[in-house]
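Results of the structural survey
The lines below spell out each chain.
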Amino acid sequence: MQMKLKLTVAAALAAACGLAAAQEVIKIGHVAPVSGAQAHYGKDNENGVRMALEELNAQNITIGGKKVKFEIQAEDDAADPKQGTAAAQKLCDSKVAGVVGHLNSGTTIPASKVYNDCGIPHVTGAATNPNLTKPNYNTTFRIIANDNALGAALALYAADTLKLKKVAIIDDRTAYGQGVAEVFKKTAQQKGMQVVDEQFTTDKATDFMAILTAIKSKSPDAIFYGGMDPQAGPMLRQMEQLGLSNVKYFGGDGICTSEIIKLAAGAKTLENVICAEGGSSLAKMPGGTEWKKKYDAKYPGQFQVYSPYTYDATYLLVDAMKRANSADPKKYIPELKKSNYKGVTATIAFEPNGELKNPATTLYTYKGGKKTPLN
């Protein structure tokens with residue numbers, strides 16, 4: 001009897017070990033700044049990936065005849081290009097199956113070469129500089145409108161809807177800030193607007209009094225800022241201090257956040273902000289409203305901008321793996337290119353260079369301290 005019991009226990013252990021061995025771990029990398037002034041964006045992006053992987057793991061997915069478990073390998077690039085390429089190399093060395101990220105164009109563009117060299121696909125739902133897809137890497141995918149769409153939409157609104165004549169431009173000298181400012185400038189000039197001043201800052205600055213004073217002397221109708229909200233918030237406060245309260249303030253998706261409301265700290269100039277995001281507003285996204293409820297329940301008060309895109313990017317990678325019946329990038333990248341995935345943000349399909357087909361853009365303003373879609 002004792003021998004039989006021992007055999008039964010041994011058999012149960014062997015079966016358990018067999019099940020454990022049959023379950024394959026597939027790692028998905030995520031990179032964004034989770035330290036520094038832009039950490040609120042990075043954490044939001046990471047939350048989107050974590051939420052998707054948790055849901056996918058509950059589905060008991062099998063790929064290549066094996067039950068799989070997805071795990072995140074999360075890295076911090078601190079919005080720094082050198083740290084971005086180091087994080088990308090670390091993910092390559094860890095042999096992750098795919099990557100969601102990065103946040104900033106300045107980190108995503110150099111990292112994209114690293115991913116291409118090691119043959120791992122990466123999907124960004126945040127980096128918008130058009131130069132990202134110019135090398136035509138087989139591994140680069142973007143699921144959000146690029147700066148050509150964002151900068152142009154803002155300039156057309158300024159010229160056609162608001163009939164503004166004079167604009168001053170400031171950018172933070174990053175790949176993102178310069179890129180979106182350049183597109184805005186070009187489109188504004190084509191529409192007959194006059195660029196009365198161009199000023200530059202950095203993505204670490206907080207004092208803009210000197211450049212705003214110089215701009216004030218040129219009496220612009222609007223200021224365009226190419227950069228992120230840690231600079232836009234203080235800039236709005238300083239505009240109010242300098243009496244620039246009637247000047248419209250334009251910017252891309254980098255300033256189009258909930259955080260800017262806190263960073264502007266009650267400045268009335270927040271009401272003059274007009275910003276653009278790639279994609280539809282949450283209310284107009286195919287699954288936006290329901291998704292946001294789930295997100296807020298899980299991560300209260302953390303939503304910024306891009307987490308619906310990182311969520312979709314994660315599902316998109318896994319969808320391609322399922323269709324290829326393999327998590328080997330060589331085998332599933334061809335399926336990723338053929339995607340026609342119905343996501344929360346949109347139906348995702350790609351141009352040959354990895355750009356999203358038919359990207360939407362939405363303009364927003366801030367009314368009564370709330371981010372509100374204009375179109």
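What you see is a predicted model; the values in this text were computed from it and never measured.

Here's the deal with the state of the cysteines
Under the counting rule described, the total for this entry stands at 2 disulfides. The side chain of Cys92 participates in a disulfide bridge whose partner is Cys118; the two sulfur atoms lie 2.0 Å from each other. Looking down the S-S bond of the Cys92 and Cys118 bridge, the torsion is -55°, so its handedness is left-handed. Of this pair, Cys92 sits in helix 3 (residues 81–93) while Cys118 sits in helix 4 (residues 105–118), and the two are 26 residues apart along the sequence. Judged by its relative accessible area of 33%, Cys118 falls in the partly exposed class. Linked covalently through their sulfurs, Cys256 and Cys275 form a disulfide whose S-S length is 2.1 Å. Measuring handedness by torsion sign, the sulfur bridge of Cys256 and Cys275 sits at about 70° and is right-handed. Taken together, the positions of Cys256 in the loop between strand 10 (248–251) and helix 9 (259–264) and Cys275 in strand 11 (residues 273–278) put the pair 19 residues apart, joining distant regions of the chain.

Details of empty space enclosed by the protein
Evaluation of the coordinates by the stated rule reveals 1 cavity of 30 Å³ or more. Roughly 60 Å³ of volume is contained in the largest cavity. What lines the largest cavity is Leu103, Asn104, Ser105, Ala126, Ala127, Thr128, Tyr176, Met228, Asp253, Gly254 and Tyr306.

Some points on the confidence of the model for the protein
Residues shown with low pLDDT carry predicted positions that ought not to be read at fine detail. Residue-level pLDDT values for the protein average 94, and 94% of them are 70 or greater. Counted against residues more than four places away or in other chains, residues 1–21, with its pLDDT under 50, gives 0 contacts.

Examining the environment of Ser307
If you trace the backbone, Ser307 turns up in helix 11 (residues 307–324). When the C-alpha atoms of Ser307 and Glu46 are compared, they prove to be 7.4 Å apart, with 261 residues separating the residues in sequence. Each residue touching Ser307, except ones within four places of it in the same chain, is listed here: Asp44, Asn45, Gly48, Trp291 and Tyr295. Within polar-contact distance, the side chain of Ser307 engages the side chain of Asp44 at 2.7 Å.

Describing the nonpolar core
Core analysis: the biggest nonpolar cluster contains 70 residues, and Phe70, Phe184, Phe224, Phe250 and Met321 have the highest contact counts within it. With 9 residues, helix 11 is the single largest residue contributor to this core. Judged by nonpolar contacts, the second largest core, of 27 residues, contains Ala232, Cys256, Tyr364 and Tyr366.

Overview of the packing of helix 2 (residues 39–57) against helix 11
At a closest axis distance of 7 Å, the pairing of helix 2 and helix 11 adopts a crossing angle of 40°. Here helix 11 runs oblique to helix 2, going by the angle between their axes. Read as a crossing pair, helix 2 and helix 11 show a hand that is right-handed. Listed contacts from helix 11 to Asp44, Asn45, Gly48, Val49, Met51, Ala52, Leu53, Glu55 and Leu56 of helix 2 are Ser307, Thr310, Tyr311, Thr314, Tyr315 and Val318.

Observations regarding the pairing of strand 14 (residues 361–367)
Among the 7 residues of strand 14, 5 are classified as buried, and the element is accordingly described as predominantly covered. The pairing of strand 11 with strand 14 spans 5 bridges and is classified as antiparallel. Its bridge partner lying in strand 14, Cys275 is registered against Tyr364. Bridge count for strand 14 against strand 15 (residues 370–373) is 4 bridges, and the pairing is antiparallel. Paired with Lys367 across the strands is Lys370, a residue of strand 15. The hairpin turn running from strand 14 into strand 15, its antiparallel successor, is 2 residues long, and Gly368 in that turn takes a positive phi close to 55°.

About the thresholds
- Residues numbered from 1 in each chain as written.
- Predicted model: local features only at pLDDT ≥ 70, side-chain atom pairs only at ≥ 80, totals over all residues.
- Heavy atoms only, no water.
- Disulfide = S-S within 2.5 Å.
- Helix = DSSP H or I, 4+ residues; strand = E, 2+ residues; numbered from the N terminus.
- Buried < 20%, exposed > 50% of the residue type's maximum accessible area, 1.4 Å probe, protein only.
- 1 Å grid on protein atoms, 1.4 Å probe; cavity = no way out; pocket = protein on both sides within 12 Å on 5 of 7 lines; lining within 4 Å.
- Points joined across faces, edges and corners; volume = space filled by probe spheres on them.
- pLDDT = per-residue confidence, 0-100.
- Contact = heavy atoms within 4.5 Å.
- Polar contact = N/O pair within 3.5 Å; in protein donor to acceptor, adjacent residues only side chain to side chain.
- Core = buried A, V, L, I, M, F, W, Y, C linked by side-chain atoms within 4.5 Å.
- Axes fitted to C-alpha atoms, helices over the stretch in contact; angles between N-to-C directions.
- Parallel < 35°, antiparallel > 145°, perpendicular 65-115°, else oblique.
- Left-handed = near helix turned anticlockwise from the far one by under 90°.
- Pairing = 2+ DSSP bridges.

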